[in-house]
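An overview of the molecular structure
Next come the chains, spelled out residue by residue.
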Amino acid sequence: MQSNFMLGGDPLSLDRIRSVLVRLEDTIIFSLIERAQFAHNPKIYERGAFSHLKEFGELSWLEWFLKETEIFHAKARRYTSPDEYPFTENLPEPVLPALHFPKILHPNKINVNPSVLSFYVNSIVPRITRRATLASKRVNGDAELNDDGNYGSAATIDIEAMQSISKRVHYGKFVSESKFQANPAAFIPHILKPNPEALDALITKPEVERKLLQRLRKKAATYAQDVIGEDAPSPCVDQQNAKLDVDGVVDFYENWLIPLTKKVEVDYLLCRLDGLSQEDIDALMQKSPKNNLAL
Ligand SMILES: C=C(O[C@@H]1C=C(C(=O)O)C=C[C@H]1O)C(=O)O
């Protein structure tokens, strides 16, 4: 897994960081389109539903799949990269020698993947699989059946979707470090006397969010259509035949994914001065603000 930090250039350029977030929009949208082709399959999210198989214990199908996948990825040193965060605890050490990443972030233990897993399973999957679930019911003639048996395919895609969502929200740490370094004196008083609301106001960029949601709707609408022949997809989406609930994607970005990213940004700032001496903090207070229009 090539990390963005091994490619050279300024890893804390806000424009560069934002370009990674833009690229992750595509990854997330396409993984949701893939997941939407299968029924909800709620059984794969139920703890204990596979307890008759000794490997599982009380884990759900998805949690077992996630654990096995992340054990392998941990051995391949995936989670030594500063932009990769596991869902599973107590993973094994890498079998490969460590890569030497530049020290970019202040030491922290922020990991919001429990929130990512919970919202993805309880809110995102039921909404984006409604159409496939209805199709499954029609085929199986069972009014209650929202299960097409594709447990392995659905879980594999779920893991890819959750990993890209996790990467996206935890990228908030790099956004925060970039904004902090550009103007430490603006943030330090609200860290020394913890004021999450003031920090949230400092990191919030309404125009960036507005443009993001506009771009996201266009992307989701375009990717969600089957382009048949040379006809370019029309800008308006026939929601009945689209491969993805476009409104759902915009809704979860606006009302959950962006707020969660900003929570990561604020939580990171609140621990940004941990372990620093008063001399270090005074020196940061003296740094003149960078003229960063992207702020
Ligand atoms: C990520 C940033 O910080 C905040 C969070 C954003 C998001 O989650 O998309 C967008 C703008 C800011 O409100 C940024 O400034 O780019």
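Quantities reported herein were computed from a predicted structural model and do not represent experimental measurements. By convention here, each chain's residues receive numbers from 1 onward along its written sequence. Local features in this predicted model are restricted to residues of pLDDT 70 or higher, and side-chain atom pairs are both shown and tallied only at a pLDDT of 80 or more, whereas totals for entire chains, interfaces and linings draw on every residue. With hydrogens and water set aside, each side-chain value is computed from the structure's full complement of heavy atoms.

Turning our eyes to something else, we now look at the pattern of salt bridges. What makes a salt bridge here is a side-chain nitrogen of Lys or Arg within 4 Å of a carboxyl oxygen of Asp or Glu, nothing more. With the rule as written, the count across this model stands at 17 salt bridges. For Arg215, the salt bridge goes to Glu25, with nearest N and O atoms at 2.5 Å. One end of the pair, Arg215, is in helix H9 (residues 206–223); the other, Glu25, is in helix H1 (residues 14–35), and 190 residues separate them in sequence. Exposure categories follow from relative accessible area, calculated using a 1.4 Å probe and restricted to protein chains: below 20% of the type maximum is buried, above 50% is exposed, and the middle band is partly exposed. You can call Arg215 partly exposed: its relative accessible area is 28%. One continuous salt-bridge network, built from bridges that share partners, spans Glu25, Asp26, Arg215 and Lys219. A run of H or I in DSSP counts as a helix once it spans at least four residues, and a run of E counts as a strand once it spans at least two, with each numbered from the N terminus.

On to the packing of aromatic side chains, then. Two aromatic rings, drawn from Phe, Tyr or Trp (for Trp, its six-membered ring), form a pair once their centres lie within 6.5 Å of each other, and the interplanar angle then sorts them: stacked below 30 degrees, edge-to-face above 60, tilted otherwise. The final tally for this structure, using the stated rule, is 15 aromatic pairs. When the ring of Trp61 is compared with that of Trp64, the centres are 6.0 Å apart and the planes differ by 50°; the resulting orientation is tilted. Placement of both Trp61 and Trp64 in helix H2 (residues 61–75) is noted, with a separation of 3 residues, approximately one turn of the helix. There is no split in this pair, since Trp61 and Trp64 are both buried. Ring-pair connections join several aromatic residues into one group, and the members of that group are Phe50, Phe56, Trp61, Trp64, Phe65 and Tyr151. For a Lys NZ or an Arg CZ to count as sitting over a ring, it must be within 6 Å of the ring centre and within 35 degrees of the ring normal. The side chain of Lys43 reaches across the aromatic face of Phe50, ending 5.3 Å from its centre.

Side chains that are three or four residues apart share a direction in an α-helix, a result of its 3.6 residues per turn. Here the expected span of a helix is defined as 1.5 Å times the quantity of residues minus one. Relative to the 36 Å expected for 25 residues at 1.5 Å per residue, helix H10 (residues 246–270) spans 35 Å between its end C-alpha atoms, a close match to the ideal helical length. At Tyr253, H10 shows its largest bend, some 40°. Here a polar contact is recorded for every N or O atom pair within 3.5 Å, except that within protein the pair must consist of a potential hydrogen donor and a potential acceptor, and residues adjacent in sequence are included only if both atoms are side-chain atoms. Where H10 begins, the side chain of Asp245 points an oxygen toward the backbone nitrogen of Asp247, at a separation of 3.2 Å. Here the bend at a residue means the angle between the axes of two seven-residue stretches, the one that ends at it and the one that starts at it.

With that settled, the discussion passes to H9. Here H9 is 18 residues long and its end C-alpha atoms lie 26 Å apart, about the 26 Å a rise of 1.5 Å per residue gives. Taken together, the buried positions of H9 are Leu212, Leu213, Leu216, Lys219, Ala220 and Ala221.

Take the site of the ligand next. We call a residue near a molecule or strand when any one of its heavy atoms sits within 4 Å of it. Every one of the 15 residues lining the ligand counts as a neighbour, but Arg18, Arg168, Lys179, Glu209 and Glu265 are closest to it. A distance of 2.7 Å separates an oxygen atom of the ligand from a polar side-chain atom of Arg168. Glu265 is positioned with one of its side-chain polar atoms (N or O) 2.8 Å from an oxygen atom of the ligand. Contact with the protein chains removes 99% of the 360 Å² of surface that the ligand exposes when unbound. Elements with a contribution of two residues or more to the shell around the ligand: H1, helix H6 (172–182), H9 and H10. The element best represented in the shell around the ligand is H10, accounting for 4 residues. Under the grouping applied here, Gly and all other residues not named as nonpolar or charged are polar, the nonpolar ones being Ala, Val, Leu, Ile, Met, Phe, Trp, Tyr, Cys and Pro and the charged ones Asp, Glu, Lys and Arg. Residues that form the shell around the ligand fall into these classes: 6 nonpolar, 2 polar and 7 charged. Under the convention used here, a 1.4 Å probe and the Shrake-Rupley method define accessible areas, while residue burial counts only the protein chains that appear.

Where H6 contacts H10, the axes come no closer than 8 Å and their chain directions differ by 50°. Classified by the angle their axes make, H6 and H10 are oblique. Considering the relative orientation of H6 and H10, their crossing is right-handed. Touching Gly172, Lys173, Val175, Ser176, Glu177, Lys179 and Phe180 of H6 are Thr261, Val264, Glu265, Val266, Tyr268 and Leu269, all from H10. The residue inventory of the contact of H6 with H10, partitioned by class, reads 6 nonpolar, 3 polar and 4 charged. All axes here are fitted lines through C-alpha atoms, helices being fitted over the stretch that makes contact, and every angle between N-to-C directions spans 0 to 180 degrees. Here the word oblique covers every angle except those under 35 degrees (roughly parallel), over 145 (roughly antiparallel) and from 65 to 115 (roughly perpendicular). We call a crossing left-handed when the near helix sits turned anticlockwise from the far one by less than a right angle, and right-handed when that turn is clockwise. In what follows, residue pairs with any heavy atoms lying within 4.5 Å of each other are defined as contacts.

So, on to the packing of H1 against H9. For any two helices packed against each other, the geometry comes down to the angle between their axes and how far apart the axes lie. Contact geometry for H1 and H9: axes closest at 11 Å, N-to-C directions at 35°. H1 and H9 meet at a crossing whose hand is right-handed. In this structure, H1 uses Arg18, Val22, Glu25, Asp26, Ile29, Phe30 and Ile33 to contact H9, whose residues at the interface are Val208, Leu212, Arg215, Leu216, Lys219, Ala220 and Tyr223.

Turning next to the confidence of the model for the chain. A score from 0 to 100, pLDDT tells how confident the predictor is in each residue. The pLDDT averaged across the chain works out to 90; a share of 86% of its residues lies at or above 70. Predicted complex, confidence summary: ipTM 0.99, pTM 0.91.

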